[in-house]
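Take a look at the letters that make up each chain.
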Amino acid sequence: MSVIQERTQSSRAAPARRGLVLALACTSTAMVGLDTAIVNVALPSMQRDLGVGPSVLQWVVVAYALLLGGFLLLGGRMTDQLGRRRVFLTGLAIFSAASLLAGAAQQVGLLIAARAVQGFGAALIVPAALSLLAVTFPEGPERNRAVGIFGAIAGIGGSVGVVASGLLAAGPGWRWSFLINVPAGVLFIALAIAFLAPDPRGERAKRLDVAGATTVTAGLLLFVYALHNAATYGWLNLSNLAPFVVAVALLVAFVRIEARSAAPLVPLSIVRNRTLVAANLTAFLAYCALLSFIFIGSLLMQQGLGYRPVQTGLAWLATTITSFAASMVGARLATRMPVRSLLVVGLLIVTAAALLLARVPAGGAYAVDLLPAFLLAGIGFGFCGPAVQIGALSGVSRSAAGLASGLVETMREVGGAAGVAAVSTVLVSGSGLAGFHLAFLFIGGLAVLGVAVAAFGFTRKS
């Protein structure tokens, strides 16, 4: 398809249809983000009902993140090569079926397996949804607004999940953390069939880089697995070092395969896009800070300040609401100022939020000691979410939109896993409240590093 045909097709898309595509992409991706965090507060209830220990139960969280992070890049390339609508529908069907299985599971092994399948379905949904926006809205202010709304709604999924987890655990029970996805998934499938245009035949690729896909997916799976294990067994434990070594070897092999492949999974033109590379590196560091901020903040409230699960969930509403509003503002600002500036400002605000929590006193009050930091965090992360996605899609062709979407989402997921693993190590190095103070100082350091990458990685105009 020529550039002229692409522009003509985009310009002919009716505004109403564009709005439906945007709504479908946003809500389906929010469902994926919600399931990343929705089980966290409900874990004690699952432990009692299923009669298992914490070491086994952690896999309810890890299995989902593992498959999501490991398959996002492949999911993005499949979107380009097999068709956006087709991959989107497949992901929704897998995710919905796995949610039903998880909600009905009576054994922890089945629950963990269902969560893994959920993660695979999610890895197809997210890049397909973002790619649908990239080809539906022309690059410029219109796409920036759409991606800003997408980032605003998708970005609050994690914090909404924490709130919902507490409410569901105290109400109808933890199983509804999964069962709630089933009617939503069925609705999204029906809407996608009715309103998404069929995939153009010309976009289907004749061949897939099987060797590259295998090595990068296996490498990412092992890397994310090792990151999660590091939080439990330590970074220098021999059983954890082995997956790290194998993961690095596989990723090195992937780079060599791509350099020689006639049809690479990741073309060199993608790597040469400075704005895309800077956006991905910044996304990694920003989500290192974001996920670890929510993780440590939840532990601080429950273990350090004695909050109940419902109180902990509701306490995050301040961040959720502020993040949504800031994302909407950030989307408008992105049409008037460089993405680079928006990321620098956002991450500096996150740094301030982390430093405020690094001085929380024992018995601190929510309104005085937590709320200001939670509000600042919402503003900072709200600015960063749309900005990294806009940066990642800038200057990317229609045929590579899925890959670019999968790549930035991979960096977000792997960054989140890396942040939680690293900050957990910092937390246990201290004792009591001092450990939490150290952890938040570390999070502030991650945000500062993100500021440096954004400031020097992007060009001044990008």
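Residues numbered from 1 in each chain as written. Predicted model: local features only at pLDDT ≥ 70, side-chain atom pairs only at ≥ 80, totals over all residues. Heavy atoms only, no water.

Enquirer: Teacher, can you tell me more about the overall build of the protein chain here?
Expert: Secondary structure assignment for the protein chain yields 20 helices and zero strands. A compact globule built from 462 residues should have a C-alpha radius of gyration of about 23 Å, and the protein chain, at 21 Å, falls within 12% of that. Based on the C-alpha atoms only, the size of the protein chain along its principal axes is roughly 65 × 50 × 45 Å. Considering the protein chain as a whole, with its 462 residues, one finds that 57% of them fall into the buried category. Across the protein chain, the fraction of contacts at a sequence separation of at least 24, relative to all contacts at a separation of at least 6, is 84%. Accessible surface for the protein chain amounts to roughly 18300 Å². Of this, 69% is attributable to carbon and sulfur atoms. A distance of 5 Å separates the average location of the 30 positive side-chain charges in the protein chain from that of its 13 negative side-chain charges. (Helix = DSSP H or I, 4+ residues; strand = E, 2+ residues; numbered from the N terminus. Rg over C-alpha atoms; globule rule 2.2 N^0.38 Å. Buried < 20%, exposed > 50% of the residue type's maximum accessible area, 1.4 Å probe, protein only. Contact = heavy atoms within 4.5 Å. Areas by Shrake-Rupley, 256 points an atom, 1.4 Å probe, with all protein chains shown as cover. Lys, Arg positive; Asp, Glu negative; His and termini not counted. Charge placed at Lys NZ, Arg CZ, Asp CG, Glu CD.)

Enquirer: Where do I start with the pattern of salt bridges in this structure?
Expert: Where charged atoms from two side chains of opposite charge approach closely, those side chains can pair. As enumerated under the stated definition, the model contains six salt bridges in all. In this structure, the salt-bridge partner of aspartate 199 is arginine 86, at a minimum N-O distance of 3.6 Å. In this pair, aspartate 199 is assigned in the loop between helix 10 (181-195) and helix 11 (210-233) and arginine 86 in helix 5 (residues 84-104), connecting sequence segments 113 residues apart. Judged by its relative accessible area of 17%, aspartate 199 falls in the buried class. By relative accessible area, arginine 86 is classed as partly exposed at 36%. Taking the shortest distance from any N to any O, the salt bridge between glutamate 409 and arginine 412 comes out at 3.1 Å. In this pair, glutamate 409 and arginine 412 are both assigned in helix 19 (residues 401-429), three residues apart and thus about one turn of the helix distant. Arginine 412 matches glutamate 409 in its accessibility class, with the two residues each being buried. Each member of the salt-bridge network shares a partner with another, and the members are Arg77, Asp80 and Arg84. (Salt bridge = Lys/Arg side-chain N within 4 Å of Asp/Glu carboxyl O.)

Enquirer: Looking at this structure, how should I read the environment of threonine 36?
Expert: Positionally, threonine 36 belongs in helix 2 (residues 15-37). On a C-alpha basis, the gap between threonine 36 and alanine 152 in space is 16 Å, while along the polypeptide they are 116 residues apart. Apart from residues no more than four positions distant in its own chain, threonine 36 is found in contact with Tyr64 and Leu68.

Enquirer: Can you walk me through helix 3 (residues 43-50) in this structure?
Expert: A turn of α-helix holds 3.6 residues, and therefore any two residues three or four places apart point the same way. Within the sequence span of helix 3, burial applies to Leu43, Ser45, Met46 and Leu50. Seen from one end, helix 3 has its buried residues packed into an arc of 155°, which puts them on one side. (Arc of directions from axis to C-beta.)

Enquirer: Explanation requested: the nonpolar core in the structure shown.
Expert: The nonpolar side chains of soluble globular proteins are, as a tendency, buried together. Core analysis: the largest hydrophobic core is formed by 143 residues, its most contacted members being Met46, Phe88, Leu111, Phe293, Leu370 and Phe374. At 17 residues, helix 6 (residues 108-136) tops the list of elements feeding residues into this core. Residues contacting methionine 46, with those up to four places away along its chain left out, are Val39, Gly51, Leu57, Val60, Leu111, Trp174 and Phe178. (Core = buried A, V, L, I, M, F, W, Y, C linked by side-chain atoms within 4.5 Å.)

Enquirer: Help me understand a nonpolar patch on the surface, please; the structure alone is not making it clear to me.
Expert: On the surface, Leu167, Leu314, Leu317 and Ile321 cluster together into a nonpolar patch covering about 340 Å² of accessible area. By secondary structure assignment, the location of isoleucine 321 is in helix 16 (residues 317-333). For isoleucine 321, a relative accessible area of 55% gives the class exposed. (Patch = residues over 30% accessible without salt bridge, like charges linked within 9 Å, V, L, I, M, F, W, Y side chains within 5 Å.)

Enquirer: It is not clear to me how the packing of helix 14 (residues 274-304) against helix 17 (residues 339-357) should be interpreted in this structure. Could you clarify?
Expert: For any two helices packed against each other, the geometry comes down to the angle between their axes and how far apart the axes lie. At a minimum axis separation of 11 Å, helix 14 and helix 17 run at an interaxial angle of 25°. When the interaxial angle is binned, helix 14 and helix 17 end up roughly parallel. Pair helix 14 / helix 17 crosses with left-handed handedness. Judged by residue contacts, Thr282, Ala286, Ala289 and Phe293 of helix 14 engage Leu343, Leu347, Val350, Ala353, Ala354 and Leu357 from helix 17. (Axes fitted to C-alpha atoms, helices over the stretch in contact; angles between N-to-C directions. Parallel < 35°, antiparallel > 145°, perpendicular 65-115°, else oblique. Left-handed = near helix turned anticlockwise from the far one by under 90°.)

Enquirer: I keep staring at helix 5 and nothing clicks. Help me out?
Expert: With 21 residues, helix 5 extends 31 Å from end C-alpha to end C-alpha; this agrees with the ideal 30 Å at 1.5 Å per step. Buried residues of helix 5: Arg84, Val87, Phe88, Leu89, Gly91, Leu92, Phe95, Ser96, Ala98, Ser99, Ala102 and Gly103, and no others. (Expected span 1.5 Å × (residues − 1).)

Enquirer: What exactly am I supposed to notice about the packing of aromatic side chains here?
Expert: By convention here, two paired aromatic rings are described through the distance between centres and the angle between planes. As enumerated under the stated definition, the model contains nine aromatic pairs in all. Summarising the aromatic geometry, the rings of phenylalanine 71 and phenylalanine 120 are spaced 5.1 Å apart at their centres and angled 85° between planes, so their arrangement reads as edge-to-face. Of this pair, phenylalanine 71 sits in helix 4 (residues 54-82) while phenylalanine 120 is found in helix 6, placing the two residues 49 residues apart along the sequence. Judged by centre distance (5.7 Å) and plane angle (75°), the rings of phenylalanine 223 and phenylalanine 244 are edge-to-face. (Phe/Tyr/Trp six-rings, centres within 6.5 Å; stacked < 30°, edge-to-face > 60°.)

Enquirer: Would you explain the confidence of the model for the protein chain in this entry?
Expert: Residues shown with low pLDDT carry predicted positions that ought not to be read at fine detail. The share of residues in the protein chain with pLDDT of 70 or more is 91%, and the mean pLDDT across the chain is 83. Within the model, pLDDT remains below 50 along residues 1-13, and this stretch shows 14 contacts once partners closer than five positions in the same chain are excluded. (pLDDT = per-residue confidence, 0-100.)

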